[in-house]
Amino acid sequence: MNIRTQAETIGFQIVGSLVRRMDREPSHLYQCFFDEAENEYILHLGILTIVAADGSVY
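My aim in this report is to walk through the structure given alongside it, one point at a time.

Criteria and cut-off values
- Residues numbered from 1 in each chain as written.
- Predicted model: local features only at pLDDT ≥ 70, side-chain atom pairs only at ≥ 80, totals over all residues.
- Heavy atoms only, no water.
- Helix = DSSP H or I, 4+ residues; strand = E, 2+ residues; numbered from the N terminus.
- Contact = heavy atoms within 4.5 Å.
- Pairing = 2+ DSSP bridges.
- Salt bridge = Lys/Arg side-chain N within 4 Å of Asp/Glu carboxyl O.
- Buried < 20%, exposed > 50% of the residue type's maximum accessible area, 1.4 Å probe, protein only.

Describing the environment of Cys32
Checked against the element boundaries, Cys32 lands in strand S2 (residues 30–34). Separated by 12 residues in the primary sequence, Cys32 and His44 place their C-alpha atoms 8.9 Å from one another. In contact with Cys32, other than residues within four places in its own chain, are Val19, Arg20, Arg21, Arg24, Glu25, Glu40, Tyr41 and Ile42.

Structural notes on the sheet that holds strand S3 (residues 40–44)
With antiparallel pairing, four strands are arranged side by side in an open sheet as S1-S2-S3-S4. What marks the edges here is a single partner per strand, and that holds for strand S1 (19–20) and strand S4 (47–51). Judged from the five bridges that link them, S2 and S3 form a sheet pairing that is antiparallel. Note that in S3 the partner of Tyr30 across the bridge is His44.

Comments concerning the side chain of Asn39
Mapped onto the elements of the fold, Asn39 is located in the loop between S2 and S3. Among residues more than four places away in sequence, those in contact with Asn39 are Phe12, Val15, Phe33, Phe34, Val51, Ala52 and Ala53.

A few points about the pattern of salt bridges
Opposite charge on two side chains allows them to pair when their charged atoms are near. Within this structure, the stated rule accounts for three salt bridges. In this structure, Glu25 and Arg20 form a salt bridge, with 2.8 Å as the shortest nitrogen-oxygen distance. Taking the relative accessible area as the measure of exposure, Arg20 reaches 36% and is therefore partly exposed. With its nearest N and O atoms 2.8 Å apart, the salt bridge here joins Asp23 to Arg21. Residue Asp23 is classed as exposed on the basis of its relative accessible area of 58%. Owing to a relative accessible area of 30%, Arg21 belongs among the partly exposed residues under this scheme.

Here you go:
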C-alpha cells in the first residue's frame, strides 16, 4: 500500500506532491516525506505515521 492510499484510508488528505527528506530519516528503515502544507509522512517497515503541520499525529 502506498502513502497516498494509507493516508486516504485514515481520512487524511495529502496536499500537493510529496517530497522525500532523507536528512530527516534516522536510519535506513525509515522514509520521511513532506507535502506542500508541511505535513510529515514517516514510513517505517510499511507502516505510515503522519505528523500534521499543527502537531497532530495520525
